[in-house]
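What follows is each chain in one-letter form.
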Amino acid sequence: MDVIDSHTHWGPSVSMGTEVTTEELLRQAEQSGVSRIVIFPFPSMALADEEINQKLLDETDRIRKFIPYYYIPETMKPIPKGKGYYGGKWHWMRGVQDCSSNYQVLKDPKLEEFIDTSERIDLPIVIEEEFAFTQTFIKKTKSLKIIIPHLGGLGGNPMDFLDTFKGRDNVYFDTALAGSDTIMKFINQIGHERILFGSDVPFGTMKWELEKVLSLPIGDDKKEWILSKNLRRLIGLSQIA
Ligand SMILES: [Zn+2]
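Cut-offs used in this document
- Residues numbered from 1 in each chain as written.
- Predicted model: local features only at pLDDT ≥ 70, side-chain atom pairs only at ≥ 80, totals over all residues.
- Heavy atoms only, no water.
- Helix = DSSP H or I, 4+ residues; strand = E, 2+ residues; numbered from the N terminus.
- Rg over C-alpha atoms; globule rule 2.2 N^0.38 Å.
- Buried < 20%, exposed > 50% of the residue type's maximum accessible area, 1.4 Å probe, protein only.
- Donors = N, O, S within 2.8 Å, 3.2 Å for Na, K, Ca; no water.
- Patch = residues over 30% accessible without salt bridge, like charges linked within 9 Å, V, L, I, M, F, W, Y side chains within 5 Å.
- Areas by Shrake-Rupley, 256 points an atom, 1.4 Å probe, with all protein chains shown as cover.
- Salt bridge = Lys/Arg side-chain N within 4 Å of Asp/Glu carboxyl O.
- Lys, Arg positive; Asp, Glu negative; His and termini not counted.
- Charge placed at Lys NZ, Arg CZ, Asp CG, Glu CD.
- Expected span 1.5 Å × (residues − 1).
- Pairing = 2+ DSSP bridges.
- Contact = heavy atoms within 4.5 Å.
- Polar contact = N/O pair within 3.5 Å; in protein donor to acceptor, adjacent residues only side chain to side chain.

Undergrad: Help me understand the overall build of the protein chain in this model?
TA: Across its full length, the protein chain carries 9 helices and 9 strands. For 241 residues, the compact-globule estimate of 2.2 N^0.38 gives 18 Å, and the protein chain sits close to it at 17 Å. Based on the C-alpha atoms only, the size of the protein chain along its principal axes is roughly 45 × 40 × 30 Å. When the 241 residues of the protein chain are sorted by exposure, 55% land in the buried category.

Undergrad: Teacher, can you tell me more about the coordination of the zinc ion here?
TA: Coordination angles at a metal have ideal targets, namely 109.5 degrees for four tetrahedral donors and 90 or 180 degrees for six octahedral donors. His7 (NE2), His9 (NE2) and Asp200 (OD) make up the full set of protein donors to the zinc ion, lying at 2.1 to 2.2 Å. Sequence spacing of the donor residues for the zinc ion, all on one chain, is H-x1-H-x190-D. The buried category is assigned to histidine 9, whose relative accessible area is 4%.

Undergrad: Help me understand a negative patch on the surface, please; the structure alone is not making it clear to me.
TA: Together, Asp49, Glu50, Glu51 and Asp58 make up a region of like negative charge exposed at the surface. Turning to its location among the elements, glutamate 50 is positioned in the loop between helix H2 (43–48) and helix H3 (52–62). Given a relative accessible area of 41%, glutamate 50 falls into the partly exposed group.

Undergrad: Sorry if this is basic, but what is going on with helix H9 (residues 220–235) here?
TA: Because each turn of an α-helix spans 3.6 residues, side chains separated by three or four positions in sequence point in the same direction. With 16 residues, H9 should cover 22 Å at 1.5 Å per step; its first-to-last C-alpha distance of 22 Å lies within 8% of that length. Those residues of H9 lying buried are Lys223, Ile226, Leu227, Ser228, Asn230, Leu231, Arg232, Leu234 and Ile235. Two residues or fewer after H9 comes glycine 236, characterised by a positive phi angle close to 70 degrees.

Undergrad: Help me understand the pairing of strand S4 (residues 66–71) in this model?
TA: Successive residues of a regular strand alternate their side chains across the two faces of the sheet. Counting buried positions over the 6 residues of S4 gives 6, a clear majority of the element. As paired elements, strand S3 (residues 36–41) and S4 share 3 bridges and run parallel to each other. Looking at the pairing, isoleucine 39 lines up with proline 68 of S4.

Undergrad: Where do I start with a nonpolar patch on the surface in this structure?
TA: A cluster of nonpolar side chains, Met16, Leu177 and Phe203, forms an exposed patch at the surface whose accessible area comes to about 270 Å². On the secondary structure map, methionine 16 appears in the loop between strand S1 (4–13) and strand S2 (18–20). Judged by its relative accessible area of 37%, methionine 16 is partly exposed.

Undergrad: Before we go on, may I ask you to explain the side chain of aspartate 174 in this structure?
TA: Assignment of secondary structure puts aspartate 174 in strand S8 (residues 171–174). Despite its burial, aspartate 174 pairs with no opposite charge, the nearest such side chain being lysine 89 at 7.5 Å. Not counting chain neighbours up to four residues away, the residues in contact with aspartate 174 comprise Ser6, His7, Ile147, Ile148, Pro149, His150, Leu151 and Leu196.

Undergrad: What is the right way to read the side chain of serine 199 from this model?
TA: Turning to its location among the elements, serine 199 is positioned in the loop between strand S9 (195–196) and helix H8 (206–214). Overall, the relative accessible area of 0% leaves serine 199 in the buried class. For serine 199, the side chain forms a polar contact with the side chain of aspartate 5, separated by 2.5 Å. Those residues in contact with serine 199 that lie beyond four places of it in its chain are Asp5, His7, Thr8, Ala176, Leu177, Gly204, Thr205, Met206 and Glu209.

Written as structure tokens, this is what we have:
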């Protein structure tokens, strides 16, 4: 079965003083049978030096398994076109990482422009913020393809995310670090078409996270969509690529 990991971190982390190397990601992919790997920079690295975005592209030139996502900087610059990015990562914009959203961002006139442009670029953006922030943000969008990581688990209660966004077809969720029961609640309510497999290496491992999805009580056809087809469709990546 074709498997793409839709959520990993690559490169150095300033805040953790560690680094996820290409070799480590390839080792885990080999061990788990993952064919392609979406990579984001670590937030602390991207905030310290925006050049990391370019380094992802350079590394992807060398390692064709990689699928680079652009880290949206605090200037809210949209994903640059024609560079080779397949998506974007929006992470606690101007807030406290993994902890509290900055609600001033929602009043910034640049936000409308960011959303407008991003809808035209039509690439998915992984957005992690508190639930209330995410709710206001998503109300401002029409077609923007949004991926909420961890089924919303780091921004609040996944059930709030599910109840509120189940009717929004442009909102997707990744399975990284989420419990199997919670994943099943999502699948039962919104189907398998808006769920993406992700490991969140180094916070999870590909092997464990993949085992979790493979063990879900659903048919192989549905697993295939979660493991690769939904993401391929989102980023426009053909089967043979
Ligand atoms: Zn992550």
